[in-house]
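Single-letter residue listing:
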Amino acid sequence: MFTGTSTQTDLQVRPDQMGLAFQAFRRTYPAFDSTQKLDELRLAEYSRLDQQEHVYLDYTGGALYAESQLREHLALLNDGIFGNPHSKNLTSMAMTHLVEQTREYILRYFNASPDEYTVIFTPNATGALKLVGESYPFGPGDQYLLTFDNHNSVNGIREFARGKGARVTYVPVLLPDLRADPDFLAQSLATARPGRNNLFAYPAQSNFTGVQHPLEWIAEAQSKGWDVLLDAAAFAPSNRLDLSRWHPDFVDISFYKIFGYPTGTGCLLARKTALQKLKRPWYSGGTLTFSSVVAFDHYLTPGSASFEDGTVNYLSIPAVEIGLRWIESIGIDMIHTRVMCLTGWLIDQLLALRHSNGRPLIRLYGPANIQARGGTVQVNFFDPDGRLFDCNDVERLANEERISLRAGCHCNPGAREVALGFTEETLAPCFRAKDRLTFEQFLHVIDGKTTGALRASIGLVTSFADVYKYVQFARTFIDRNAG
Ligand SMILES: Cc1ncc(COP(=O)(O)O)c(C=O)c1O
């Protein structure tokens, strides 16, 4: 905890000063003015934010939904009679129609040719990643290559690879920007053995640092014999992913990250040719055309259906089309412009904060400008003597000001470990007796180091006032002591 006179922040937002800051911001980021429509939509569709005086800065956690998305979905459910799809009765056919219509809409949204790609509904991005991991035909002599900077749901695929005897290689990320080591990547890509199964996985945008890893890697890797799994979960909410331009073999998406509602639906966008390579480790209801107990055999349904286990989340799926149409009505490019203007300003302001002795208040993990990055701003706060404020305490104090940030490692241990300087030597003891290590014991092992950082993520309806309030909150740590 913090020492000093108070554990409270002393946050004051003076409208006149915010007005001046806003004018200066608009001069530095003139493109922001072209996104005014989003301020209007915020008032009309997300009024709960301002009514409750809430500053929401956790869009990489999940986006917020517009009121009209809920209304439209509820009206559909209220008016329709929908049964479990994939049968030939009327209510089932009505639902099948909506599910298939949504599938087509998703392809159109990502500009993916139906000849090339198919959509497999999953509960979330993790569900899509697991489908690839468990079905990719890894074996001895095969490879799984991935960046240090990856969500745990991509890291977890290494257990399938390792279990089947494939080699697992991590491409390191380099300080200070935490971008992938280009030489290491080039050397690793050159090691694909022809005729073997080689899978390369990376995030289009890091959920830890906001780094956008180049989409050019997709074609480069494929030309060297790799199948490419692009994790677009953090990228898609504020960037255009055009699958007529980029052709990753597999892409995972969580829809709530794009438009907030519904949760529980995601998808795997898979190239049809790549899908043929996958071998499902089991079958289940919904994935078969025919199975027999006495003959001890089964036939999988061809195509995407053999990957959708059990009943899909059918009543929620139409809300995905509603959400995508909502984003299209705004324009993803407008969302992108706004996110980047606010991100640039936030980074500039946070980095400029200094204690009276001149030492910086903030350490940023990730690029300090808006080139090839998204709206995720990951920091830790330090006191005038360079001692760290625990990010969980800072998050808690932000709560008191109704600011939603997110503290932790964000399920991205690789980026965190490089950012915070954890070495294999530091961490190896944690895993020696892994059945017995509690989180408290883990803290003891990493003595004096933080377990994570504080993430602000900017999205769809973030306003200037939101980021301004966060900066004012950060200011309250100037000249304050961390215990
Ligand atoms: C980059 C990235 N990949 C994958 C995921 C997993 O998404 P989900 O938890 O919705 O499955 C997340 C979630 O935050 C993410 O940020």
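Look up: the structure comes first, before these words.
Everything numeric in this text was worked out from a predicted model, so none of it was measured.

Caption draft 1: Structural view of the packing of helix H4 (residues 67-79) against helix H13 (residues 317-330). Two numbers describe how H4 lies on H13: the axes approach to 10 Å, and their chain directions differ by 145°. Seen from above, H4 lies across H13 with right-handed handedness. Judged by residue contacts, Ser68, Gln69, Glu72, His73 and Leu76 of H4 engage Pro318, Ala319, Ile322, Gly323, Arg325 and Trp326 from H13. Across the contact of H4 with H13, the residue classes tally to five nonpolar, four polar and two charged.

Caption draft 2: Structural detail: the site of the ligand. In the region of the ligand, the neighbouring residues are Asn124, Ala125, Thr126, His151, Asn207, Asp231, Ala233, Ala234, Ser254, Tyr256 and Lys257. Taking aspartate 231, its side chain carries an N or O atom lying 2.6 Å from a nitrogen atom of the ligand. At 2.6 Å from an oxygen atom of the ligand is found a side-chain nitrogen or oxygen belonging to tyrosine 256. Protein burial of the ligand: of its 390 Å² of free accessible surface, 88% is covered by the chains. Comparing atom positions with the cavity grids shows the ligand to sit within the second largest pocket. Listing elements by their share of the shell around the ligand, those giving two or more residues are helix H6 (125-135) and helix H11 (256-259). Looking at the shell around the ligand residue by residue, the class counts come to four nonpolar, five polar and two charged.

Caption draft 3: The environment of tyrosine 109, seen in detail. Within the secondary structure layout, tyrosine 109 lies in helix H5 (residues 90-109). Residues tyrosine 109 and glutamate 321, 212 residues apart in the sequence, show an inter-C-alpha distance of 9.3 Å. Sequence-distant contacts of tyrosine 109, that is, excluding residues within four places in its chain, are made with Leu324, Ile327, Glu328 and Ile332.

Caption draft 4: Broad picture of the packing of helix H1 (residues 15-28) against helix H19 (residues 464-475). Running from N to C, H1 and H19 point in directions that differ by 115°, and their axes come no closer than 11 Å. The angle between H1 and H19 places the two elements in the roughly perpendicular class. Seen from above, H1 lies across H19 with right-handed handedness. Contacts between H1 and H19 pair Gln17, Met18, Ala21, Phe22 and Phe25 from the former with Phe464, Ala465 and Tyr468 from the latter. Classifying every residue of the contact of H1 with H19 gives seven nonpolar, one polar and no charged.

Caption draft 5: Quick look at the environment of threonine 263. Looking at the secondary structure, you find threonine 263 in the loop between H11 and strand E10 (266-271). On the basis of relative accessible area, threonine 263 is assigned to the exposed category, the value being 52%. Taking the C-alpha atoms as reference, threonine 263 lies 10.0 Å from isoleucine 317; in sequence the two are 54 residues apart. Every residue in contact with threonine 263, bar those within four places of it in the chain, is listed here: Tyr256 and Asn313.

Caption draft 6: Region of interest: the sheet that holds E10. Strands sit in the order E2-E10-E9-E8-E7-E3-E4 across an open sheet of seven strands; the sheet is mixed. Taken across any chain shown, the strands that pair with only one partner, and hence form the sheet edges, are strand E2 (117-122) and strand E4 (167-171). Adjacent strand axes in the sheet meet at a mean angle of 20° when their direction is disregarded.

Caption draft 7: How the structure looks around the sheet that holds strand E16 (residues 406-408). Taken together, the four strands give an open sheet; going across it, the order is E13-E14-E17-E16, and neighbouring strands pair in antiparallel fashion. Of all strands in the sheet, those bounded by a partner on one side alone are strand E13 (362-364) and E16. The sheet shows a mean angle of 35° between the axes of neighbouring strands, direction not considered. For E16 and strand E17 (residues 453-457), the ladder comprises three bridges, and the chain directions are antiparallel. Among the inter-strand pairings, arginine 406 is bridged to a residue of E17, identified as arginine 455. Lying on the sheet, helix H14 (residues 332-352) is in contact with E13, strand E14 (376-381) and E17; it crosses E14 at an angle near 15°.

Caption draft 8: Geometry of the packing of aromatic side chains. Evaluated as defined, the whole model comprises 23 aromatic pairs. Arranged with centres 4.9 Å apart and planes meeting at 70°, the rings of phenylalanine 25 and phenylalanine 32 form a pair that is edge-to-face. Just as phenylalanine 25 is buried, phenylalanine 32 falls in that class too. Connected via pairs of aromatic rings, a cluster forms that spans Phe22, Phe25, Tyr29, Phe32, Trp345, Phe464 and Tyr468. Looking at arginine 363, its charged tip hangs above the ring of phenylalanine 382, at a distance of 4.1 Å from the centre. Over the ring of phenylalanine 477 we find arginine 480, and its NZ or CZ is 4.9 Å from the ring centre.

Caption draft 9: Up close: the layout of surface pockets. For the largest pocket, the calculated volume is near 830 Å³. When residues of the lining of the largest pocket are traced back to their parent elements, those giving at least two are helix H7 (152-155), helix H8 (157-163), E4, helix H16 (413-420) and helix H17 (424-432). Top element by residues in the lining of the largest pocket is H16. It accounts for five residues. Of the residues in the lining of the largest pocket, the class split is 10 nonpolar, five polar and seven charged. Roughly 360 Å³ of internal volume is contained in the second largest pocket. As for the second largest pocket, its lining consists of 25 residues, of which Thr60, His151, Asn207, Tyr256 and Lys257 are closest to the centre. Those elements that place two or more of their residues in the lining of the second largest pocket are H6, strand E9 (250-254) and H11. Per-element accounting of the lining of the second largest pocket gives the leading share, three residues, to H6.

About the criteria used
Numbering of residues begins from 1 in every chain and follows the order in which that chain's sequence is written. Under the rules for a predicted model, residues below a pLDDT of 70 receive no local features and side-chain atom pairs below 80 are neither given nor counted, while totals for whole chains, interfaces and linings still include all residues. Here the side-chain values reflect all heavy atoms present in the structure, with hydrogen atoms and water set aside. Axes here refer to lines fitted to C-alpha atoms; in helices the fit is confined to the stretch in contact. Angles between the N-to-C directions go from 0 to 180 degrees. Helix numbering and strand numbering both begin at the N terminus, where a helix is a DSSP run of H or I of at least 4 residues and a strand a DSSP run of E of at least 2. The crossing is said to be left-handed when, going from far helix to near helix, the turn is anticlockwise and less than a right angle, and right-handed when the turn is clockwise. Whether two residues are in contact is decided by their heavy atoms: any pair within 4.5 Å suffices. All residues other than Ala, Val, Leu, Ile, Met, Phe, Trp, Tyr, Cys, Pro, Asp, Glu, Lys and Arg, Gly among them, are scored as polar; the first ten of these are nonpolar and the last four charged. Any residue with a non-hydrogen atom lying within 4 Å of a molecule or strand is treated as near it. What qualifies as a polar contact is a pair of N or O atoms within 3.5 Å, subject to a donor-acceptor requirement within protein and to the restriction that residues adjacent in sequence count only when both atoms come from side chains. Shrake-Rupley sampling with a 1.4 Å probe provides the accessible areas, and residues are treated as covered by the protein chains on show and by no other component. Grid spacing is 1 Å over the protein atoms alone, the probe is 1.4 Å, and a cavity is where that probe fits but cannot get out, while a pocket is an open set with protein on both sides within 12 Å along at least five of seven lines and lining residues have an atom within 4 Å of a point. Any molecule with more than half of its atoms within 2 Å of a cavity's or pocket's grid points is counted as sitting in it. Working definition: roughly parallel below 35 degrees, roughly antiparallel above 145 degrees, roughly perpendicular at 65 to 115 degrees, and oblique for all remaining angles. Three labels apply to residues, based on accessible area from a 1.4 Å probe with only protein chains included: buried if under 20% of the type maximum, exposed if over 50%, partly exposed otherwise in between. Two strands qualify as a pair provided that DSSP identifies no fewer than 2 bridges between them. Stacked, tilted and edge-to-face pairs are distinguished by plane angle, under 30 degrees for stacked and over 60 for edge-to-face with tilted covering the rest, among Phe, Tyr and Trp rings (Trp via its six-membered ring) whose centres lie within 6.5 Å. Should the NZ of a Lys or the CZ of an Arg lie within 6 Å of a ring centre and within 35 degrees of the ring normal, that charge is described as sitting over the ring. Grid points are joined across faces, edges and corners, and a volume is the space filled by probe spheres set on the points.

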